[in-house]
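# What the coordinates show
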Amino acid sequence: MESVSSAPLSPTGYHFGAEDLIFMEKVDRVKLKRGLVFGISYQVEGPQNAFLCRILHPILINPTTGKAYKETIEEKYSSADGGNFDYYRIEHAWEMISGKWIFQIEQFGRILLEKSFELYD
């Protein structure tokens with residue numbers, strides 16, 4: 001089951017969250033379409049310290065607020081079993097921007113993981 005939480009650093013103003021998620025394919029290139037969900041799964045070892053999930057993406061302009069975003073940031077904590085995932089769901093036409101989308105996991109100012117996707121029309 002998916003939840004929604006307020007997120008001022010997100011282009012949409014919110015983040016989706018889920019307790020479990022299964023990615024259907026491992027890919028580097030993804031065709032853009034409304035409803036597309038893509039992301040990463042990973043493990044953060046060690047104590048359950050906070051870390052950041054940063055998604056660097058082409059500039060997205062929210063037409064409601066007029067604000068432009070080139071990244072989406074979420075502070076997270078490692079799950080009890082160490083398994084985590086982060087994803088982006090494309091809901092709006094203004095989010096359907098081709099280009100490189102990069103997921104980064106950062107802790108204490110150090111990038112622990114980086115995975116890029118090429119989204120195309």
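Here we summarise the structure given alongside this text. Predicted, not measured: the structure shown is a model, and the values here were computed from it.

## Some points on the sheet that holds strand β8 (residues 99-107)
Pairing is mixed across the open sheet formed by five strands, whose spatial order is β3-β9-β8-β5-β6. Edge strands, defined here as strands with exactly one partner in the open sheet, are β3 (29-31) and β6 (68-77). Across this sheet, the average inter-strand angle for adjacent strands is 25 degrees, counted without regard to direction. Inspection of the sheet shows strand β5 (residues 50-61) paired to β6 by nine bridges, in the antiparallel sense. The residue of β6 that forms the bridge with Phe51 is Lys76.

## Quick notes on the side chain of His57
Topologically, His57 is positioned in strand β5. Judged by its relative accessible area of 7%, His57 is buried. Of the polar contacts made by the side chain of His57, one reaches the side chain of Thr72; its length is 2.9 Å. Residues contacting His57, with those up to four places away along its chain left out, are Pro11, Tyr69, Lys70, Glu71, Thr72, Lys100 and Trp101.

Rules used throughout
- Residues numbered from 1 in each chain as written.
- Predicted model: local features only at pLDDT ≥ 70, side-chain atom pairs only at ≥ 80, totals over all residues.
- Heavy atoms only, no water.
- Pairing = 2+ DSSP bridges.
- Helix = DSSP H or I, 4+ residues; strand = E, 2+ residues; numbered from the N terminus.
- Axes fitted to C-alpha atoms, helices over the stretch in contact; angles between N-to-C directions.
- Buried < 20%, exposed > 50% of the residue type's maximum accessible area, 1.4 Å probe, protein only.
- Polar contact = N/O pair within 3.5 Å; in protein donor to acceptor, adjacent residues only side chain to side chain.
- Contact = heavy atoms within 4.5 Å.

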